[in-house]
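Remarks on the overall topology
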Amino acid sequence: MSTRGGTLQAPADVRTEPVEQAAGPSRLPLVVYILALGTFLMGTTEFVVAGLLPEIAGDLNVSVARTGLMITVFAVGMIIGAPLMAMLTLRLPKRVTLMLALGVFAAGHVIVALGSDFTVLLAARFLTAIATGAFWAVANVAAANAAGPAAGSRALGLVGAGAMLANVVGVPLGAFAGQLMGWRGPFWALAVLSAAAIVLIARTVANDGPAQQTVSVRSELTALRSGRVWLVLAACATTTGGVLAAYSYIAPLLTDRSGIASGIVPLVLVGFGLGALAGSLVGGRLGDRSPHAVTLVAAAGATLLLLAISLLAGYAVPTIILVTLLGFFGLGANPVLMALAVRFAKQAPVLASALTVSAFNLGTAIGTWIAGRTLDSSLGTTGPAIVGTVIAALTLIPTLTLALLQRRRTAAVAWDAADTGTKGHEGRPANTTGPDQTSESGGQTAPPKTIACWKTHTIGEVLPPTSD
């Protein structure tokens with residue numbers, strides 16, 4: 001690293017690559033898009049049941065409310081399955097784990113498509129959710145590794161965008177296909193597509209390095225000692241819990257309070273999905289350089305938007321715009337939070353990724369449960385939005401704490417680097433020549449006025465040079 005004609009030896013943890021390299025590759029590897037296809041299938045199966053509840057209930061002779069357990073069981077399976085399967089498959093190559101997860105995923109859909117006993121269907125949904133949690137946790141790590149440190153958040157944004165796209169395209173198509181072919185048709189389609197994805201994963205996911213063989217459960221559990229990891233998990237739970245607390249019950253608010261026709265509601269939901277898709281992509285790209293700024297802006301934006309929805313729900317056009325923006329800001333920081341968790345966990349990326357999946361689903365389960373109880377209160381249909389506002393505001397606590405901790409660490413690293421450099425000569429940077437020093441050629445050079453220090457603090461985050 002050059003400084004005014006001399007050379008300052010950088011510490012081991014300081015990046016010496018040029019700035020333009022820190023921006024990451026212009027194009028992500030093909031494997032990231034394949035993994036996004038997998039999360040598209042996972043996201044579709046998670047919510048497609050919501051559009052098929054009447055058909056499933058009628059065919060199996062159970063109530064619609066009881067049929068809804070197929071969604072609840074899936075969420076519970078995700079919460080439990082992600083960290084559990086991450087530990088059980090820890091020593092397996094990531095490619096093998098992803099293929100096995102897709103295989104179990106396909107088998108679970110075949111069981112649902114063939115089943116006629118509701119209990120069997122619930123068991124199959126739980127099994128499918130466990131496979132989904134395993135795939136998602138490992139896919140995040142595989143995508144980040146394939147993209148490299150400078151594009152990790154962008155890669156995770158694309159993988160997460162697969163699930164967002166499922167809400168925009170997969171779920172509506174599944175519901176439409178279910179009406180034409182019967183409710184079992186979409187499950188058959190998901191089984192076939194996931195089997196095809198196994199082949200793509202086998203051909204694109206690279207083999208793990210030798211370090212994979214030395215990974216142990218104990219080393220992964222060390223991630224739980226990091227306070228910053230727990231702060232990220234708290235942010236994951238509150239940001240998703242707040243947004244989905246309101247979104248899950250947005251339909252009655254739109255029809256009863258905003259006066260929007262029921263036939264327009266699906267279009268509003270598509271707007272939310274498109275906003276979430278754009279937010280995931282934009283947030284992932286910006287998060288490579290300024291992750292803490294992204295998480296803070298997203299949390300503040302989601303809080304203000306939910307508050308505005310609570311206050312302006314009686315006006316149709318503003319509410320539609322606010323719901324679309326809520327998708328952008330409310331879910332845009334998710335890939336950045338996942339990248340931060342993986343970064344802070346250091347040698348335990350798989351467990352950290354799995355825990356973020358669990359945190360997202362736990363926040364959703366708690367948030368929607370609280371929001372649902374407000375519908376019968378005096379708050380009425382605006383209750384879920386008010387609950388979402390409070391929960392989303394809580395996200396500012398962990399995200400602001402993380403930003404302050406990072407600022408303190410940055411200042412400490414810059415100070416240490418500068419202090420180390422000045423010990424080489426009396427008050428001058430080590431290994432640096434200046435006009436008042438005699439160089440090997442006998443000339444005199446001036447002492448440098450600045451010490452440039454580039455350091456990576458999170459996946460792809462590059463800080464500007466600091467001056468002493």
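Along each chain, the written sequence defines residue order, and numbers are assigned to residues from 1. Local features in this predicted model are restricted to residues of pLDDT 70 or higher, and side-chain atom pairs are both shown and tallied only at a pLDDT of 80 or more, whereas totals for entire chains, interfaces and linings draw on every residue. Only hydrogens and water are set aside; all other atoms, that is, all heavy atoms of the structure, feed into the side-chain values.

**Considerations on the overall build of the protein chain**
Here is the rule: Secondary structure elements follow DSSP: runs of H or I of four or more residues count as helices, runs of E of two or more count as strands, with numbering from the N terminus. Throughout, exposure labels follow a simple rule: accessible area from a 1.4 Å probe, protein chains only, divided by the maximum for the residue type, with under 20% read as buried, over 50% as exposed, and the rest as partly exposed. In what follows, a contact means two residues having at least one pair of non-hydrogen atoms within 4.5 Å.
When helices and strands are counted, the protein chain shows 19 helices and four strands. Buried residues in the protein chain amount to 53% of all 468 residues. The long-range fraction of contacts in the protein chain, counting pairs at least 24 apart against all pairs at least 6 apart in sequence, stands at 79%.

**Describing the packing of helix H6 (residues 94-114) against helix H7 (residues 118-147)**
Here is the rule we go by: All axes are obtained by fitting lines to C-alpha atoms, using only the stretch in contact for helices, and the reported angles, taken between N-to-C directions, cover 0 to 180 degrees. Angles are sorted into four bins: roughly parallel if under 35 degrees, roughly antiparallel if over 145, roughly perpendicular if 65 to 115, and oblique for all others. Left-handed describes a crossing in which the near helix is turned anticlockwise from the far one by less than a right angle; the clockwise case is right-handed. Ten residues, namely Ala, Val, Leu, Ile, Met, Phe, Trp, Tyr, Cys and Pro, are considered nonpolar, four, namely Asp, Glu, Lys and Arg, are considered charged, and the remaining ones, Gly among them, are considered polar.
Where H6 meets H7, the axes come as close as 8 Å, and the angle between the chain directions of the two elements is 155°. The angle between the axes of H6 and H7 places the two elements in the roughly antiparallel class. The way H6 lies across H7 gives a crossing that is left-handed. The residue makeup of the contact of H6 with H7, split by class, is 18 nonpolar, six polar and one charged.

**Some thoughts on a nonpolar patch on the surface**
As a reminder of what qualifies: To count toward a patch, a residue needs a relative accessible area over 30% and no salt bridge; like charges are then connected within 9 Å, while nonpolar side chains (Val, Leu, Ile, Met, Phe, Trp, Tyr) are connected within 5 Å. Per-residue and other accessible areas were derived by the Shrake-Rupley procedure at a 1.4 Å probe size, with only the shown protein chains allowed to occlude residues. Put simply, a salt bridge is a Lys or Arg side-chain nitrogen that is within 4 Å of an Asp or Glu carboxyl oxygen.
Taken together, the side chains of Val76, Ile80, Leu84 and Leu88 make up a nonpolar region of the molecular surface, amounting to roughly 350 Å² of accessible area. In this fold, Ile80 is placed in helix H5 (residues 69-88). Look at Ile80 and you get partly exposed, because its relative accessible area is 42%.

**Side note on the packing of aromatic side chains**
Applied cut-off: Aromatic contacts are taken between Phe, Tyr and Trp rings whose centres are within 6.5 Å, Trp giving its six-membered ring; a plane angle under 30 degrees counts as stacked, one over 60 as edge-to-face, and the others as tilted.
One pass over the structure, following the stated rule, counts three aromatic pairs. Measuring from centroid to centroid gives 5.9 Å for Trp183 and Phe187, while their planes differ by 80°, and the two rings are edge-to-face. The two residues Trp183 and Phe187 agree in class, both being buried. On the numbers, 5.2 Å between centres and 75° between planes, the contact of Phe328 with Phe329 is edge-to-face. Look at Phe329 and you get partly exposed, because its relative accessible area is 27%.

**Quick word on the nonpolar core**
Filter applied, for reference: Take the buried Ala, Val, Leu, Ile, Met, Phe, Trp, Tyr and Cys residues and link them wherever side-chain atoms come within 4.5 Å; each set so joined is a nonpolar core.
Membership of the largest hydrophobic core comes to 43 residues, with the highest contact counts inside it found for Leu28, Val32, Leu35, Leu98, Phe135 and Ile201. Elements that contribute at least two residues to this core include exactly helix H2 (30-47), H5, H6, H7, helix H8 (152-181), helix H9 (184-204) and helix H17 (349-374). By residue number, the principal contributor to this core is H7, which donates twelve residues. Leaving out residues up to four positions away in the same chain, Ile201 has contacts with Ile34, Leu35, Arg95, Leu98, Met99 and Leu102.

**As for the layout of surface pockets**
For clarity, the threshold we go by: We place a 1 Å grid over just the protein atoms. Points where a 1.4 Å probe fits but has no way out form a cavity, open points with protein on both sides within 12 Å along at least 5 of 7 lines form a pocket, and any residue with an atom within 4 Å of a point lines it. Grid points are joined across faces, edges and corners, and a volume is the space filled by probe spheres set on the points.
Looking at the largest pocket, its volume works out to about 1,700 Å³. Surrounding the largest pocket, 46 residues form its lining, Phe47, Ala50, Asn167, Tyr247 and Ser248 being those nearest its centre. Breaking the lining of the largest pocket down by element, the ones donating at least two residues are H2, H5, H8, helix H11 (227-247), helix H12 (250-257), helix H13 (265-287), helix H16 (334-345) and H17. Here the lining of the largest pocket takes eight residues from H17, the largest share from any one element. Residues that form the lining of the largest pocket fall into these classes: 31 nonpolar, 14 polar and one charged.

**Looking at the side chain of Arg125**
Position of Arg125 among the secondary structure elements: in helix H7. For Arg125, the residues in contact, after removing those within four places along its chain, are Thr45, Glu46, Val49, Met70, Val73, Phe74 and Phe187.

**Observations concerning H11**
Because each turn of an α-helix spans 3.6 residues, side chains separated by three or four positions in sequence point in the same direction. The criterion, for reference: Helix span is expected to be 1.5 Å times the residue number reduced by one.
For H11, built from 21 residues, the straight-helix expectation of 30 Å at 1.5 Å per residue is met to within 8% by its first-to-last C-alpha distance of 30 Å. For H11, a buried count of 16 out of 21 residues is recorded, marking the element as mostly surrounded by other parts of the structure.

**Overview of the pattern of salt bridges**
Evaluated as defined, the whole model comprises one salt bridge. As a salt-bridge pair, Asp59 and Arg184 come within 3.0 Å of each other at their nearest N and O atoms. Here the residue Asp59 occupies a position in helix H3 (residues 53-60), and Arg184 occupies one in helix H9, the gap between them amounting to 125 residues.

**So, the packing of H2 against H6**
Running from amino to carboxyl end, H2 crosses H6 at an angle of 30°, the nearest separation of the two axes being 12 Å. Compared by their axis directions, H2 and H6 come out roughly parallel. You can see that H2 and H6 cross each other, and the crossing is left-handed. For the pair H2 and H6, the contacting residues are Leu35, Leu41, Met42 and Thr45 in the first and Leu98, Leu102, Phe105 and His109 in the second. In the contact of H2 with H6, the residues fall into six nonpolar, two polar and no charged.

**Some details on the environment of Gly227**
By the secondary structure assignment, Gly227 is in helix H11. Taking the C-alpha atoms as reference, Gly227 lies 9.8 Å from Ala345; in sequence the two are 118 residues apart.

**Topic: unusual backbone geometry**
The backbone of Asn61 sits at a positive phi, close to 60°, despite the residue not being glycine. Following the sequence through the fold, Asn61 ends up in the loop between H3 and helix H4 (64-67).

**Looking at the environment of Gly152**
Here Gly152 lies in helix H8. Note: C-alpha distance between Gly152 and Arg343 (191 residues apart in sequence) is 9.9 Å.

**Re the environment of Ala313**
Looking at where Ala313 falls in the secondary structure, it is placed in the loop between helix H14 (291-312) and helix H15 (316-332). Here Ala313 falls in the buried class, since its relative accessible area comes to 0%. Taking the C-alpha atoms as reference points, Ala313 and Arg257, separated by 56 residues in sequence, lie 5.9 Å from one another. The contact partners of Ala313, leaving out residues within four places of it in the chain, are Leu253, Arg257, Ser258, Thr319 and Thr382.

**Brief notes about the side chain of Ser310**
Looking at where Ser310 falls in the secondary structure, it is placed in helix H14. Discounting residues that sit within four places of it in the chain, Ser310 has contacts with Thr382, Ala385, Ile386 and Thr389.

**Points about the confidence of the model for the protein chain**
Inclusion rule: Each residue carries a pLDDT score, the predictor's confidence in it, ranging from 0 to 100.
On average, residues of the protein chain carry a pLDDT of 79, and 80% of them reach 70 or more. Below a pLDDT of 50 lies the segment residues 430-468, which in the model reaches 104 contacts outside its immediate sequence neighbourhood of four places, other chains included.

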